[in-house]
Amino acid sequence: FIDSNHGWVFPSSSVHIYHTDDGGENWFLQTPAQNTWFRDVYFLNQDIGWLVGYDFNLGKGIISKTINGGQNWTSTSTANYGIYDPKKIHFIDANNGWITGYDFSKNEFTLFFTNNGGQDWSEIFAKNQEFYYSEASSYFKDVNHIWLNTGEEIYCVNTDKYLNINVAEKIK
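Definitions and limits used
- Residues numbered from 1 in each chain as written.
- Predicted model: local features only at pLDDT ≥ 70, side-chain atom pairs only at ≥ 80, totals over all residues.
- Heavy atoms only, no water.
- Helix = DSSP H or I, 4+ residues; strand = E, 2+ residues; numbered from the N terminus.
- Buried < 20%, exposed > 50% of the residue type's maximum accessible area, 1.4 Å probe, protein only.
- Contact = heavy atoms within 4.5 Å.
- Areas by Shrake-Rupley, 256 points an atom, 1.4 Å probe, with all protein chains shown as cover.
- Phe/Tyr/Trp six-rings, centres within 6.5 Å; stacked < 30°, edge-to-face > 60°.
- Salt bridge = Lys/Arg side-chain N within 4 Å of Asp/Glu carboxyl O.
- Pairing = 2+ DSSP bridges.

A. Fine view of the overall build of the protein. The helix and strand tally for the protein stands at zero helices and 15 strands. In the protein, which comprises 172 residues, the proportion classed as buried is 46%. Excluding contacts between residues fewer than 6 apart, the proportion of contacts in the protein whose partners are at least 24 apart in sequence is 30%. Just so you have it, the protein exposes about 8600 Å², and 45% of that area is on carbon and sulfur atoms.

Shown next as structure tokens:
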């Protein structure tokens, strides 16, 4: 929920997303992509939102963006940016956002950043290790402070204004 009335949800292991504009009294189906298993959705306001998932037909991760509250979505393969299996997405404003995920070919937990609303993504952190989806999480305080839980280890990632990692400290 972005306020007391507007929210988006998707059932676990679902290919559907639902929206409410009346605090959850009624829910409306919004399906942005066919054959996509949604993993996370993030809305900045009533209009602008993103979601990540995995497209079974393509065999690749996808990212979708809406600028009209989910009525229409534009989708692209996250593999175009090296994001093979996206898990979480978060934005702090209309431009700056992150995707966490996993690259099975390299056995790496990854963190990607965009500063142009998701038009382009750059890898800023990768850790070679097993990745536990059920336990993985992330917290984004601001553009320079990120906590990542890979399910096996926890990292505090601090970046400078150019998003160069100053510290990627293992805290567990």
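B. Spatial organisation of the packing of aromatic side chains. One pass over the structure, following the stated rule, counts seven aromatic pairs. When the centroid spacing of 3.4 Å and the interplanar angle of 5° are considered together, the rings of Trp8 and Phe43 count as stacked. Taken as a pair, Trp8 in strand β1 (residues 7-9) and Phe43 in strand β4 (residues 36-43) lie far apart in primary sequence, 35 residues in all. Here the two residues Trp8 and Phe43 agree in accessibility, since each one is buried. Centre to centre, the rings of Phe43 and Trp73 are 6.0 Å apart; their planes meet at 85°, and the pair counts as edge-to-face. With Phe43 in strand β4 and Trp73 in the loop between β6 (60-66) and β7 (74-77), this pair connects stretches of sequence that are 30 residues apart. Using a relative accessible area of 14% as the deciding quantity, one classes Trp73 as buried.

C. Region of interest: the pattern of salt bridges. The final tally for this structure, using the stated rule, is two salt bridges. Arg39 serves as the salt-bridge partner of Asp85, at 2.4 Å between the closest nitrogen and oxygen. Here Asp85, found in strand β8 (residues 85-91), pairs with Arg39, found in strand β4; they are 46 residues apart in sequence, far enough to count as distant. The exposure classification of Asp85 matches that of Arg39, with both residues buried.

D. Summary view of the side chain of Thr78. Mapped onto the elements, Thr78 comes out in the loop between β7 and β8. For Thr78, the residues in contact, after removing those within four places along its chain, are Gly61, Ile62, Ile63, Ile83 and Pro86.

E. A look at the pairing of strand β5 (residues 49-55). Across the seven residues that make up β5, a large majority, six, are buried. Two elements, β4 and β5, share seven bridges in a ladder whose sense is antiparallel. When the sheet's bridge partners are listed, Val41 is paired in β5 with Leu51. Between β4 and β5, which follow one another and run antiparallel, lie five residues. With antiparallel pairing between neighbouring strands as the criterion, β5 and β6 make up a hairpin whose turn holds four residues, including Gly59 at a positive phi of roughly 70°.

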